[in-house]
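Coordinates in review
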Amino acid sequence: MKSFPKIMYYHDGRHSHMYRYEPPMSKTEMNAMIDEVASTSVDAVMYCLGEGRTMLHDTKAGELLGHNQEVWTHEIFRRANQNAVALINNGQDPLQLICDRSHEKNMLFYPSLIVNAGSDSFAIQRNSDFRKNNRHLEIGASGNVDKNFKGFEFLDFEHKEARDERFALIEETITKYPIDGFELQFTIHPYFFQPAKAYKNRHILTKWISDIHETIKSGNSSKELLVRIPNNIDECLALGFDVKEWVEKGLIDGVIGEKTGTESYRAGPMDDIRSLVNITSNSPCRVYSSLPIQVGSDRSNNATTPMLRAMACNYWDQGIDGLYLVHWYADWPYAPEFYDKLRELPHPDIMDYKDKYYFLPKRQSKYPASTEQSLPLPRKLEIGKPIKFDMSISDNLERWHSEQRIHDVLLRIRIGSTTELDTIEIKLNDKLLPSSSSRKINHMYLMSGPRYRDGGYWFIFHLTQEFWPVKGSNTITITLVKRDSEISKEIQPIEKEITLFHVNAVNELIEESKSNIDFVGFHGQTIFHNAKEKISKQ
């Protein structure tokens, strides 16, 4: 068994596991999530403890998901409860089972805790009694926080009671199970203090992590403490995470850098993790880059092998120690291609000379705009105002050309809300790309799409050697030189995407139902409701 994992595989234990199996789950079925990645490049399994507030194993310090429910309104959450209860009542603690199975299959095992989350407005049937009965411990309870703040209902770690409840669960897991380490997951819900106090209160989290470190290292234990944090050190500090001090004091053994909030689910091919690499360079603390599999575009839900090669090689080039595969269980049930994707990841030298697909992520309706980290696309084009995009490339094309391994280098750009009468210039590294090397494809209107419709014009360039991108940073510049005079200059691709997404969903529903439908109504989607405060957001 490797002492330091190079490839870590995160599994939430629910979506492709306890939510899927009919109760009662057997030991074999519980172990399946481990067996599915055995004998692959995976060195360590990172297993999410329940859903953060409540657990799906035999805990005394925490609460079992659904233990406080008499009548269920969500059959899937009930199924997870049924499966956990059945295993526990049969003397088979789910956490113990998969911990043992990981070791049997020569993989390390790290429980992972979503440290903070919302309260009753978020999956209420999965909520704990501790959270329901202690609303005064929430960030918004102070009365000093805007109700629109995303962490309004989260635990305020300025309160000792909040920190103690979390610590008790962590301590129990560390001392009760033969784990190889523990992960604190800060990124999906990165709010722990009132916004105005976060930086000032960073010492509180440092002391809390110091206590966890002392517990996990007691008795000269080789168990490790890992933290999953934002991939930018300045953002960490703004949230109250003094990662540099954690590293300098030797409180953590590894950091996993990724985007925050729902964007942590999406592939970030151009993510820059070097600020974390820099603060750990003179310490034994390792750095991992998160590698999500979900793309969520109109053409690809999950990343293809060339996409993953491009992302992984970009990360390896930044000096990381390993990759953290997050939300790959979204590809379940796993097909042969899934295992092909896993095979090459630890070997940048093998991926180096193979096909790659670099891309810039584009905001989709499934992943709303994040206030923490913006996406490079889409951007509005205005006449005479160039817009620029940075794209990192790990390939040394000149080297591979000398070895006759370059077949083609393509640059493909899709521009929405444009017509055949617009004039657009595209440069790569300040070199104007000639129209003679390009092909323009009219996708202004589509009857259908691989996942949903997203039209526009494709500008496809077969780049000759003089226009090849360089290893490292490259700049793409797009300029709208002339606009079709009969089309509005205001381009709003986001509105178009959301509208088309809903229309496509309705069309699919009608097709599947085979019914004669005369009228379809669109209603608002409630995203927050607080009757006491008389607030409802749709």
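As a starting point, this report considers the structure included with it. In this text the structure is predicted, and so the values were computed from the model without any measurement. (Residues numbered from 1 in each chain as written. Predicted model: local features only at pLDDT ≥ 70, side-chain atom pairs only at ≥ 80, totals over all residues. Heavy atoms only, no water.)

1. Quick notes on the overall build of the protein chain
The condition is simple: A run of DSSP states H or I qualifies as a helix once it reaches four residues; a run of E qualifies as a strand once it reaches two. Both are numbered from the N-terminal end. For every residue, the accessible area obtained with a 1.4 Å probe (protein chains only) is divided by the maximum for its type, and the residue is called buried under 20%, exposed over 50%, and partly exposed between those limits. The contact criterion used throughout is that any non-hydrogen atoms of two residues lie within 4.5 Å. Residue burial considers only the protein chains on display, and all accessible areas are found by Shrake-Rupley using a 1.4 Å probe.
A tally of helices and strands in the protein chain yields 15 helices and 17 strands. Taking all 538 residues of the protein chain together, the buried fraction comes to 53%. Taking all contacts inside the protein chain whose residues are at least 6 apart in sequence as the whole, residues at least 24 apart take part in 76%. Accessible surface, the protein chain: about 25300 Å² in total, of which carbon and sulfur atoms supply 49%.

2. Some remarks on the packing of helix α2 (residues 27–35) against helix α4 (residues 94–104)
For the record, the criterion: Only the stretch in contact is used when a helix axis is fitted, and all axes are lines through C-alpha atoms; the angle between N-to-C directions ranges over 0 to 180 degrees. Angle categories are assigned with fixed cut-offs, so that under 35 degrees is roughly parallel, over 145 is roughly antiparallel, 65 to 115 is roughly perpendicular, and the rest are oblique. Two helices crossing with the near one rotated counterclockwise from the far one by less than a right angle form a left-handed crossing, whereas a clockwise rotation gives a right-handed crossing. Amino acids outside the nonpolar list (Ala, Val, Leu, Ile, Met, Phe, Trp, Tyr, Cys, Pro) and the charged list (Asp, Glu, Lys, Arg) are all regarded as polar, and Gly is one of them.
Between α2 and α4, the least distance of the axes is 9 Å, while the angle of their chain directions is 50°. Between α2 and α4, the angle is such that the two are oblique. The way α2 lies across α4 gives a crossing that is right-handed. The residues of α4 that touch α2, namely those facing Lys27, Met30, Asn31, Met33, Ile34 and Asp35, are Pro94, Leu97, Ile98, Arg101 and Ser102. The residue makeup of the contact of α2 with α4, split by class, is 6 nonpolar, 2 polar and 3 charged.

3. Digging into helix α7 (residues 202–216)
Condition: An expected span of 1.5 Å times one less than the residue number is assigned to each helix.
For α7, which comprises 15 residues, the first-to-last C-alpha distance of 21 Å matches the rise-based estimate of 21 Å (1.5 Å per residue) to within 8%. Here the buried face of α7 lies against α6 (160–176), β4 (181–185), β5 (224–230) and α9 (243–248).

4. Quick look at the packing of aromatic side chains
In plain terms, the rule: Only centres within 6.5 Å qualify two rings of Phe, Tyr or Trp (six-membered ring in Trp) as a pair; their planes then separate them into stacked at under 30 degrees, edge-to-face at over 60, and tilted for everything else.
If you walk through the whole model with that rule in mind, you get 19 aromatic pairs. Between Tyr19 and Phe77, the ring centres sit 6.1 Å apart and the planes meet at 40°, which makes this aromatic pair tilted. Here Tyr19 is found in the loop between α1 (14–18) and α2, whereas its partner Phe77 is found in helix α3 (residues 75–89), with 58 residues between them in sequence. The pair Tyr19 / Phe77 is uniform in exposure class, with both members buried. A ring pair is formed by Phe241 and Trp246, whose centres lie 6.4 Å apart and whose planes are at 50°; its orientation type is tilted.

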